[in-house]
Amino acid sequence: MSRLIRMDRTGHTTVAEWSAEDPLSVQAAQSAFAEQLEAGYLAVVSTGSGQAEQVRELPLGAPTVILRRPIAGG
């Protein structure tokens with residue numbers, strides 16, 4: 001089971017869970033993913049030890065997709 005989590009003040013919140021073999025869970029996760037991107041979140045997946053890559057489509061094979069707000073700065 002894969003998870004879509006959003007980093008927040010509590011640590012993290014699970015937004016969706018899906019299994020690639022369950023089309024209804026995939027559809028729900030893809031909808032939740034799109035809503036979070038529209039709300040301004042960035043999505044990243046781990047690519048190895050200490051490395052991550054930003055994604056714009058839900059990678060169905062990823063065990064965890066992390067949503068976070070952009071870092072403010074100037």
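Residues numbered from 1 in each chain as written. Predicted model: local features only at pLDDT ≥ 70, side-chain atom pairs only at ≥ 80, totals over all residues. Heavy atoms only, no water.

Now for the overall build of the chain. When you go through the chain residue by residue, the secondary structure sums to 1 helix and 5 strands. Along the chain, from the amino end to the carboxyl end, the secondary structure elements read β-β-α-β-β-β. The globule rule puts the C-alpha radius of gyration for 74 residues at 11 Å, and the 12 Å found for the chain is close to it. Referenced to the eigenvectors of the C-alpha coordinate spread, the extents of the chain come out at roughly 45 × 30 × 25 Å. (Helix = DSSP H or I, 4+ residues; strand = E, 2+ residues; numbered from the N terminus. Rg over C-alpha atoms; globule rule 2.2 N^0.38 Å.)

A separate point is the sheet that holds strand 3 (residues 42–48). Taken in spatial order, the 5 strands of this open sheet run 2-1-5-3-4, and their pairing is mixed. The sheet is open, and its two borders are formed by strand 2 (11–18) and strand 4 (51–55), each paired with just one other strand. In this sheet, neighbouring strand axes are inclined to one another by 30° on average, regardless of whether the strands run parallel or antiparallel. Two strands pair when backbone bridges link them, and strand 1 (residues 2–8) and strand 5 (residues 64–68) are joined in this way by 4 bridges, in the parallel orientation. Directly across from L4, in strand 5, lies its bridge partner V65. Sheet strands touched by helix 1 (residues 23–38): strand 1, strand 2, strand 3, strand 4 and strand 5. Its angle to strand 2, the strand with the most contacts, is close to 140°. (Pairing = 2+ DSSP bridges. Axes fitted to C-alpha atoms, helices over the stretch in contact; angles between N-to-C directions. Contact = heavy atoms within 4.5 Å.)

Here the focus is the confidence of the model for the chain. In regions of low pLDDT, the predicted coordinates are not meant to be interpreted in detail. Here the chain shows a mean pLDDT of 94. Residues at 70 or above account for 97%. Summarising per-element confidence for the chain, the mean pLDDT is lowest in strand 3 (95) and highest in helix 1 (98). (pLDDT = per-residue confidence, 0-100.)

Applying the stated criterion to the full structure yields 0 aromatic pairs. Across the ring face of Y41, the terminal group of R69 is positioned such that the distance to the ring centre comes to 4.2 Å. (Phe/Tyr/Trp six-rings, centres within 6.5 Å; stacked < 30°, edge-to-face > 60°. Lys NZ or Arg CZ within 6 Å of the ring centre and 35° of its normal.)

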